[in-house]
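Summary of structural features
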Amino acid sequence: DDLDLVFFDGRVDGDVTHHKLLDDPYRLVARPGTFPPGPVRLADLDGAPLVAYPPLCDQARVERELARAGVRPRVVFRTVGNEAIMSMVRAGIGWALLPRLAVHHETTLSLHPLEPALGPREIFLLWQAGRTHSPLAARAIDIAVEVARELEAAAR
């Protein structure tokens, strides 16, 4: 009840309005030369060392999707920080599966699409259903929608 707006990577229960902003596809993040350029088969990741988020939010879904595909990576480290994960990858501790927005400006690591692709992280803007927005909250929604469209267009 105290928040006007929340960005979240999924739907939540309750009396909440969900406005989907964008799909954020996952990329395999590795040290250069770990995998050949281009897409990497999910099957090639079975048993390989993975640096990952804790199994919260969308990470739990990603790990279930990997398991359904018969891929069981060996999780060697978990942290909530994108930069910490990428630092672990740079150090050679393992590879990572990160959403595109987390690696949007990454230039020192190798980014690969996956075959088959994992379902994307869905980014939503949430607010209490029936709430009348302040002018500031309404403007924030407009800006979020505009930026999401620009990100989707740039990714194409």
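Below is a summary of the structure that appears in this document.

Note: strand 5 (residues 49–52) against strand 6 (residues 74–78), four bridges, orientation parallel. Within strand 6, the residue paired with P49 across the bridge is R74.

What follows covers the side chain of D58. Mapped onto the elements of the fold, D58 is located in helix 1 (residues 57–68). Polar side-chain contacts of D58 include one of 2.6 Å to the side chain of Y26. Ignoring any residue separated from it by four or fewer positions in sequence, one finds D58 in contact with D9, Y26 and R121.

Turning our attention to the sheet that holds strand 1 (residues 6–8). A sheet is described by the order of its strands in space; here three strands give the open sequence 1-10-2, paired in antiparallel fashion. Two strands bound the open sheet, and with one partner strand each, they are strand 1 and strand 2 (16–24). Strand-to-strand twist in this sheet, taken as the mean axis angle between neighbours without regard to direction, amounts to 25°. Sheet topology note: the strand 2/strand 10 (residues 121–128) ladder contains eight bridges and is antiparallel. Along strand 10, the bridge assignment pairs K20 with F124. Its contacts with the sheet put helix 3 (residues 135–155) on strand 1, strand 2 and strand 10, and the angle it makes with strand 2 is roughly 25°.

This paragraph deals with the sheet that holds strand 8 (residues 110–112). Strand order in the open sheet made by the three strands is 7-3-8, with antiparallel pairing throughout. Single-partner strands in this sheet number two, and they are strand 7 (96–99) and strand 8. Taking each pair of neighbouring strands and ignoring which way they run, the sheet shows an average axis angle of 40°. Here four bridges tie strand 3 (residues 26–30) to strand 7, and the two strands are oriented antiparallel to one another. Within strand 7, the residue paired with R27 across the bridge is L98. Sheet contacts for helix 2 (residues 82–90): strand 3 and strand 7; angle to strand 7, the most-contacted strand, approximately 145°.

All right, on to the environment of R100 then. Mapped onto the elements, R100 comes out in the loop between strand 7 and strand 8. Between the C-alpha atom of R100 and that of A155, which follows or precedes it by 55 residues, the distance is 9.1 Å.

L28, L45, W95, L97 and L118 are the most contacted members of the largest nonpolar core, which totals 17 residues. Those elements that place two or more of their residues in this core are strand 3, strand 5 and helix 1. Among the elements that make up this core, the one with the highest residue count is strand 3 (three residues). Apart from residues lying up to four places away in sequence, L45 is in contact with L28, F35, V40, V71, P73, W95, L97 and L114. By size, the runner-up hydrophobic cluster in this structure holds twelve residues, among which are V29, M86, M88 and L109.

The rules behind these values
Residues numbered from 1 in each chain as written. Predicted model: local features only at pLDDT ≥ 70, side-chain atom pairs only at ≥ 80, totals over all residues. Heavy atoms only, no water. Pairing = 2+ DSSP bridges. Helix = DSSP H or I, 4+ residues; strand = E, 2+ residues; numbered from the N terminus. Polar contact = N/O pair within 3.5 Å; in protein donor to acceptor, adjacent residues only side chain to side chain. Contact = heavy atoms within 4.5 Å. Axes fitted to C-alpha atoms, helices over the stretch in contact; angles between N-to-C directions. Core = buried A, V, L, I, M, F, W, Y, C linked by side-chain atoms within 4.5 Å. Buried < 20%, exposed > 50% of the residue type's maximum accessible area, 1.4 Å probe, protein only.

Functional significance is not addressed by these values, which are geometric in nature.
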